[in-house]
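# Notes for the structure review
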Amino acid sequence: MMRQPVRKVLAIVCFLSFILIAIPQPAAHAGFFDRIKAIYDTPEKISELEQQYLEAKEELSAQQQKLEESAKAAEEYALRQQELLAQNEQLIAQNAELQAEMDRMKHDRQSLISKLINTVIVIAVVLIAYIVSIRVWRYMVWRKQRSAGGKGISG
């Protein structure tokens with residue numbers, strides 16, 4: 001009969017051992033000396049963290065300065081673009097005025113050419129009319145002298 005309680009105890013011990021093996025164990029805790037070492041290394045870690053903080057702060061300051069410069073440059077570019085747009089509009093208006101003046105000058109030139117052509121035609125017609133009238137007058141004088149019996153200057 002003794003064997004039965006021993007078997008029960010042995011079975012319980014095996015079962016508890018199996019459960020303890022199956023349960024994950026927590027990570028090992030640092031020992032006393034590791035804690036003391038960590039305490040003495042703390043100032044170095046703090047100075048290292050402080051150095052990283054200062055570097056990050058300087059980098060952030062540099063980035064902020066670059067951002068301000070970029071914003072200032074963008075503002076200057078925007079102002080310059082507005083100036084160029086205004087100048088472009090002014091040049092477009094000036095171009096339209098010059099185009100209108102050129103069209104007017106072309107029209108005036110055509111008008112002058114047509115007036116010169118008309119003047120030349122009138123002068124040519126007057127000259128032709130003068131020449132024809134002189135011929136007609138001479139012919140009439142010649143006929144009159146002929147009908148008068150040939151008495152004329154020549155005899």
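Refer to the structure presented above.
Overview of the structure. (Residues numbered from 1 in each chain as written. Predicted model: local features only at pLDDT ≥ 70, side-chain atom pairs only at ≥ 80, totals over all residues. Heavy atoms only, no water.)

Below, the discussion takes up the overall build of the protein chain. A tally of regular secondary structure across the protein chain gives 2 helices and 0 strands. The buried share among the 155 residues of the protein chain stands at 0%. Of the roughly 15500 Å² that the protein chain leaves accessible, carbon and sulfur atoms contribute 64%. (Helix = DSSP H or I, 4+ residues; strand = E, 2+ residues; numbered from the N terminus. Buried < 20%, exposed > 50% of the residue type's maximum accessible area, 1.4 Å probe, protein only. Areas by Shrake-Rupley, 256 points an atom, 1.4 Å probe, with all protein chains shown as cover.)

Our focus in this paragraph is the pattern of salt bridges. In the structure shown here, the tally under the stated rule is 2 salt bridges. Salt-bridge contacts for Arg80 lead to Glu83; the nearest nitrogen and oxygen are separated by 3.6 Å. Of this pair, Arg80 and Glu83 both sit in helix H2 (residues 32–147), separated by 3 residues, roughly a single helical turn. The residue Arg104 makes a salt bridge to Asp108 at a minimum N-O spacing of 3.3 Å. Placement of both Arg104 and Asp108 in helix H2 is noted, with a separation of 4 residues, approximately one turn of the helix. (Salt bridge = Lys/Arg side-chain N within 4 Å of Asp/Glu carboxyl O.)

With that settled, consider a nonpolar patch on the surface. On the surface, Ile12, Phe15, Leu16, Phe18, Ile19 and Ile23 cluster together to form a nonpolar patch covering roughly 600 Å² of accessible area. With respect to the secondary-structure elements, Ile12 resides in helix H1 (residues 3–22). Assessed through its relative accessible area of 51%, Ile12 is described here as exposed. (Patch = residues over 30% accessible without salt bridge, like charges linked within 9 Å, V, L, I, M, F, W, Y side chains within 5 Å.)

Here the focus is the packing of aromatic side chains. Taken as a whole and judged by the stated rule, the model has 1 aromatic pair. With a centroid separation of 5.9 Å and 35° between ring planes, the pair formed by Tyr139 and Trp142 is classed as tilted. Placement of the pair is Tyr139 and Trp142 together in helix H2, with a separation of 3 residues, close to one helical turn. Under the relative-accessibility criterion, Trp142 is labelled partly exposed at 44%. (Phe/Tyr/Trp six-rings, centres within 6.5 Å; stacked < 30°, edge-to-face > 60°.)

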